[in-house]
Amino acid sequence: MAAISSSISLSLSPTNGHGENGYAEIDWDSLGFGLTPTDYMYKMKCFENEEFTEGQLIPFGNIELSPAATVLNYGQGLFEGMKAIRRENGKLVLFRPDENALRMQIGAERMCMPSPSVDQFIDAVKQTALANKRWIPPPGKGSLYIRPLLLGTGAALGVSAAPEYTFLIYASPVRNYFKEGTAALNLYVEDQFDRASRGGVGGVKSISNYARGLKPLARAKARGFSDVLYLDSVNGKYIEEVSTCNIFIVKEKTISTPPTKGTILPGVTRKSIIDVARDHGFEVEERQIAVEELLEADEAFCTGTAVVVVPVGSITYQGKRVEYHTTDANSVCKKLLSTYAAIQNGQIEDKRGWMVEIN
Ligand SMILES: *Cc1c(COP(=O)(O)O)cnc(C)c1O
């Protein structure tokens, strides 16, 4: 480890825009959710039927692949998304990295790939965050988004699992995911395209889940919506989730969210918000929710690492638009978001041990 960290500081060239205060020289106030290349990425390889053993930090840059790599030909790949946050006291923290590690293992099993152990995954994420420390935004100005990838990088012409796999991690400083910032989302209920189907891979973070959503998303954005809300593919009746985040509805003191039974991505934020909501005295139900019920809810909000917790301002379904009051300072969404953010920022006790310090 010592060898790696010393090689990092040696190889940082003075032309890299190393700020005087240890920060990269970028305008922290204009960060959105675009890619800002950082200094290092992490790479670890393994052959089929073997285990990952050792990886290393290397300068961020392009990777070389066989044109016959299974990730390119057959979509054999998974991704994860997590954030490193800089607290006011200078501590750098990760949120529940073990959850992302476990989810990658479950996805890898579904996609016939070997996966790093939980310890290997967390250690690699820590190394990546620390190597790119100067890109972790100042407190309150965003976070370092960390993107682990597990890819079939070996060549196969016929449909089969790859003979070789690569675990890669890169990172980019980010702030708000939506151009709306933290303002309410206008969601379009998609009744023509499905996101996931029974027995498919909608319940794991397979890269193959996302290209199919580009068209419905582009169509909704062109019509002025923030994002798409998908329905179940069997009945076209029950709400599932948004392109990159889970959804909750609030009715009086009950909060409900669709169950994660294979067609919905089991979000770490979703799982954590369920705990936070119960701490606040809400009844939380995981059950099927028909669109009509969403239209009659008091509030709705979305959760995800990238979006955090964001209110839904309107839902449009088959030409009918329903709006929600989102300006109430006492909204359930705001209450849950502020507790969730306070745990991450270290302002309230982290009684479940969710936060992992890395420096
Ligand atoms: C990543 C993701 C989420 C949110 O999961 P988190 O672990 O909370 O970040 C929700 N839905 C989809 C489709 C996702 O890819």
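About the thresholds
- Residues numbered from 1 in each chain as written.
- Predicted model: local features only at pLDDT ≥ 70, side-chain atom pairs only at ≥ 80, totals over all residues.
- Heavy atoms only, no water.
- Near = heavy atom within 4 Å.
- Polar contact = N/O pair within 3.5 Å; in protein donor to acceptor, adjacent residues only side chain to side chain.
- Areas by Shrake-Rupley, 256 points an atom, 1.4 Å probe, with all protein chains shown as cover.
- Nonpolar A, V, L, I, M, F, W, Y, C, P; charged D, E, K, R; others polar.
- Helix = DSSP H or I, 4+ residues; strand = E, 2+ residues; numbered from the N terminus.
- Expected span 1.5 Å × (residues − 1).
- Buried < 20%, exposed > 50% of the residue type's maximum accessible area, 1.4 Å probe, protein only.
- Axes fitted to C-alpha atoms, helices over the stretch in contact; angles between N-to-C directions.
- Parallel < 35°, antiparallel > 145°, perpendicular 65-115°, else oblique.
- Left-handed = near helix turned anticlockwise from the far one by under 90°.
- Contact = heavy atoms within 4.5 Å.
- Domains from an automatic or database assignment.
- Buried area = accessible area lost by both parts, 1.4 Å probe.
- Salt bridge = Lys/Arg side-chain N within 4 Å of Asp/Glu carboxyl O.
- Pairing = 2+ DSSP bridges.

*Asks:* I tried to follow the site of the ligand on my own but got confused; where do I start?
*Replies:* The ligand sits among 15 residues. The nearest are Lys205, Tyr210, Glu241, Thr269 and Thr305. With respect to the ligand, the side chain of Lys205 contributes an N or O atom lying 2.6 Å from an oxygen atom. Here an oxygen atom of the ligand sits 2.4 Å away from a polar atom, N or O, in the side chain of Tyr210. Protein chains shield 96% of the accessible area of the ligand, which is 380 Å² for the free molecule. Each residue belonging to the shell around the ligand can be placed in one class, and the counts come to four nonpolar, seven polar and four charged.

*Asks:* How should helix 8 (residues 332-345) be read in this particular structure?
*Replies:* Because the α-helix completes a turn every 3.6 residues, residues three or four places apart line up on one side. For helix 8, built from 14 residues, the straight-helix expectation of 20 Å at 1.5 Å per residue is met to within 8% by its first-to-last C-alpha distance of 20 Å. Three or more residues of helix 8 are buried, namely Val332, Cys333, Leu336, Thr339, Tyr340, Ala342, Ile343 and Gln344. Following helix 8 by one or two positions, Gly346 has its phi on the positive side, about 80 degrees.

*Asks:* Quick question: what am I supposed to make of unusual backbone geometry here?
*Replies:* Most peptide bonds take the trans form, and the phi angle of most residues other than glycine is negative. In this structure, Cys112 is a non-glycine residue whose phi angle is positive, near 55 degrees. With respect to the helices, strands and loops of the structure, Cys112 is situated in the loop between helix 3 (97-110) and helix 4 (118-131). Residue classification places Cys112 among the exposed residues on the basis of a relative accessible area of 54%.

*Asks:* What's the story with the packing of helix 3 against helix 4 in this structure? I'm lost.
*Replies:* Describing two packed helices takes the angle between their axes plus the distance from one axis to the other. Between helix 3 and helix 4, the least distance of the axes is 9 Å, while the angle of their chain directions is 125 degrees. Put simply, helix 3 runs oblique to helix 4. The way helix 3 lies across helix 4 gives a crossing that is right-handed. In this structure, helix 3 uses Pro97, Asp98, Asn100, Ala101, Leu102, Met104 and Gln105 to contact helix 4, whose residues at the interface are Val118, Phe121 and Ile122. Classifying every residue of the contact of helix 3 with helix 4 gives seven nonpolar, two polar and one charged.

*Asks:* Please explain the side chain of Thr128 as it appears in this structure.
*Replies:* Inspection of the secondary structure assignment puts Thr128 in helix 4. The residues touching Thr128, leaving out its near neighbours within four places in the chain, are Tyr40, Tyr42, Leu57, Ile169 and Ala171.

*Asks:* I would appreciate a short explanation of the side chain of Thr263 in the present structure.
*Replies:* Mapped onto the elements, Thr263 comes out in the loop between strand 12 (254-257) and helix 6 (268-279). A polar atom in the side chain of Thr263 sits 2.8 Å from the side chain of Glu240. Apart from residues no more than four positions distant in its own chain, Thr263 is found in contact with Arg195, Ala196, Ser197, Arg198, Gly202, Gly203, Glu240 and Glu241.

*Asks:* For this particular structure, what's the right way to read the domain arrangement of the chain?
*Replies:* Domain assignment breaks the chain into domain 1 (6-174) and domain 2 (185-344). Centre-to-centre, using C-alpha coordinates, domain 1 lies 27 Å away from domain 2. Surface buried jointly by domain 1 and domain 2 totals about 1,800 Å² across both partners, of which 62% is contributed by carbon and sulfur atoms. The largest per-residue losses of area from domain 1 upon contact with domain 2 belong to Phe79, Phe95 and Arg103, which jointly make up 35% of the total buried on that side. Lys271 is the salt-bridge partner of Glu99, the closest N and O atoms lying 2.9 Å from each other. The tally of links from domain 1 across to domain 2 stands at ten residue pairs in polar contact (both at pLDDT 80 or more). The greatest single-element share of the side of domain 1 that touches domain 2, amounting to six residues, is contributed by helix 3. Residue composition of the side of domain 1 that touches domain 2, grouped by class: eleven nonpolar, five polar and seven charged.

*Asks:* Whenever I open this one, the pairing of strand 5 (residues 92-95) confuses me. Can you help?
*Replies:* The side chains of a regular strand alternate, residue by residue, between the two faces of the sheet. Residue alternation in strand 5 divides its side chains into two sets, Leu92 and Leu94 and Val93 and Phe95, and both sets are buried. Judged from the three bridges that link them, strand 4 (residues 82-86) and strand 5 form a sheet pairing that is antiparallel. When the bridges of strand 5 are listed, Ala84 appears paired with Leu94. Bridge analysis of strand 5 against strand 17 (residues 355-357) gives three bridges, and the strand direction is antiparallel. By the bridge assignment for strand 17, Phe95 is matched with Met355.

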